[in-house]
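Close look at the chain arrangement
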Amino acid sequence: MSEICKNWSTWLKKTRFSYMDETQVQQTLNWLLSIRNQVLLLADIKAGQKVADFGCGSGLLGFGVLEHYKDSVELIFSDKFQDCLDECKNILSQIETPYNVSFLQSDVSDIKLESNYLDRAMTRSVLVHVKDKQPCFNEFYRVLKPQGYYCAFEPIISENTRYYELVNEAQISDYQDFKLAEKEFMENPNDPLVNFSAQSLDKNLEEAGFSDVLVNVQAVASKYIPTKEAILNWFIAPPAPDQKTMKERFLQYFEEKKVDNFILEVQNALGDTEISVSSNTALIKAIK
Ligand SMILES: C[S@@+](CC[C@H](N)C(=O)[O-])C[C@H]1O[C@@H](n2cnc3c(N)ncnc32)[C@H](O)[C@@H]1O
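Residues numbered from 1 in each chain as written. Predicted model: local features only at pLDDT ≥ 70, side-chain atom pairs only at ≥ 80, totals over all residues.

Looking only at helices and strands, the protein chain has 11 helices and 7 strands in total. In summary, the protein chain has a C-alpha radius of gyration of 20 Å against a globular reference of 19 Å for 288 residues, a match within 12%. Seen through its C-alpha atoms, the protein chain measures out along the principal axes to roughly 60 × 40 × 30 Å. Going through the 288 residues of the protein chain one by one, you find that 33% of them count as buried. Within the protein chain, contacts between residues separated by at least 24 positions form 77% of all contacts whose residues are at least 6 apart in sequence. (Helix = DSSP H or I, 4+ residues; strand = E, 2+ residues; numbered from the N terminus. Rg over C-alpha atoms; globule rule 2.2 N^0.38 Å. Buried ≥ 20, exposed ≤ 12 C-beta atoms within 10 Å, placed from the backbone. Contact = placed C-beta atoms within 7 Å.)

Put into structure tokens, the structure is as follows:
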């Protein structure tokens, strides 16, 4: 496991921002807040309801619920890992908003709640970390009351711009080797980060029994100028505490000298130059 990424709460607080300057950190935080608001809008929570933020991490959605609904809803912060629940407890101890909160250490594929219990189940960027997604949707369906909503946001990483699309053959030695390797690991059916699409999420939800399934795909295009240091971090910052870095993925195919040279060539090709990247995300709502 990487030195800079010991667990999920560290990843959420530090690793994901490790290559960003102040402006980029602020842009990312604003983007997260806008996602939170979009999920809460879909969830349309009412006073008196039971609501859970599954895979809560540091509580992006849950604290949004508290901000809007205070103690008028019963809120569960749930995560597979205790360090995340401890982080939410710590944040909670610093706020003055009245609340009605409990904590549940639980895996989303085996939720420790009785059936027909919740009015709203929410996740943000959680399924992307679970290899077999169908059991999770079955569980969300089980723990929701009839007419309960599941609302979520997931990045569709398999459709993100690839490195081989950002650089061109003239800039990279062994371009074709790296292109083939990247294509292969970005389409690996055993990799939770990339083994799904908006269509497969839709299918999972219907198979679980949900009706009125909405999987709204948004393509986000952005232009920015990465520094060489930021580009290095694309390769060495892990996408999750238990996941291989990009460099480690390429090391499955090539010796380290070749991978290091590739990283250097990508840094030289793209560093301090404006690049355009696109990423797809899915906003999800489904009713039991
Ligand atoms: C990218 S973070 C998102 C955290 C939070 N939802 C947010 O929006 O900031 C992924 C979260 O999913 C949690 N997680 C990963 N696998 C899980 C599983 N199988 N069951 C429950 N939580 C899981 C991690 O502990 C982590 O908190």
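So that's the structure; there's more coming.
A word on the nonpolar core. Formed by 49 residues in total, the largest nonpolar core has its most connected members in V39, A43, V65, A121, M122, Y150 and C151. Of all the elements, strand 5 (residues 144-156) adds the most residues to this core, at 7 residues. Dropping the residues within four chain positions of it, M122 is found in contact with V39, A43, A52, D53, F54, L61, C151 and A152. Counting residues in each nonpolar core, the second largest holds 12 residues, with Y163, V167, F178 and A230 among its members. (Core = buried A, V, L, I, M, F, W, Y, C linked by C-beta atoms within 7 Å.)

Around the ligand there are 18 residues in total, and G55, G57, L60, K80 and R124 lie nearest to it. Its residues assigned to classes, the shell around the ligand comprises 9 nonpolar, 5 polar and 4 charged. (Near = placed C-beta within 6 Å. Nonpolar A, V, L, I, M, F, W, Y, C, P; charged D, E, K, R; others polar.)

So, about the environment of I156. Structurally, the position occupied by I156 is in strand 5. For I156, a count of 22 C-beta atoms within 10 Å corresponds to the buried category. Residues I156 and A282 lie 126 residues apart in sequence; the distance between their C-alpha atoms is 6.9 Å.

Among the 5 residues in strand 1 (residues 50-54), 5 count as buried, and that is most of the element. Along strand 1, one buried face is formed by K50, A52 and F54 and the opposite face, lined by V51 and D53, is buried too. Pairing geometry for strand 1 and strand 2 (residues 74-79), over 5 bridges, is parallel. From the neighbouring strand, V51 faces strand 2, where its bridge partner is L75. Where strand 1 lies against strand 4 (residues 118-124), 4 bridges are found, and the strand directions are parallel. When the sheet's bridge partners are listed, A52 is paired in strand 4 with A121. (Pairing = 2+ DSSP bridges.)

Glancing now at the sheet that holds strand 6 (residues 211-224). Spatially, the 7 strands line up as an open sheet ordered 3-2-1-4-5-7-6, and their pairing is mixed. Of all strands in the sheet, those bounded by a partner on one side alone are strand 3 (101-105) and strand 6. Averaged over all adjacent pairs, the angle separating strand axes in this sheet is 15°, with direction ignored. Packing of helix 5 (residues 134-143) onto the sheet brings it into contact with strand 4 and strand 5, and relative to strand 5 it is tilted by some 150°. Strands strand 5, strand 6 and strand 7 (275-287) of the sheet are contacted by helix 8 (residues 198-208), whose axis makes an angle of about 160° with strand 6. (Axes fitted to C-alpha atoms, helices over the stretch in contact; angles between N-to-C directions.)

Another aspect to go through is the environment of L166. Here L166 lies in helix 6 (residues 163-166). For the pair formed by L166 and G271, sequence separation is 105 residues and the distance between their alpha carbons is 11 Å. Sequence-distant contacts of L166, that is, excluding residues within four places in its chain, are made with T161, L270 and I275.

What is shown is where atoms sit, not what they do.
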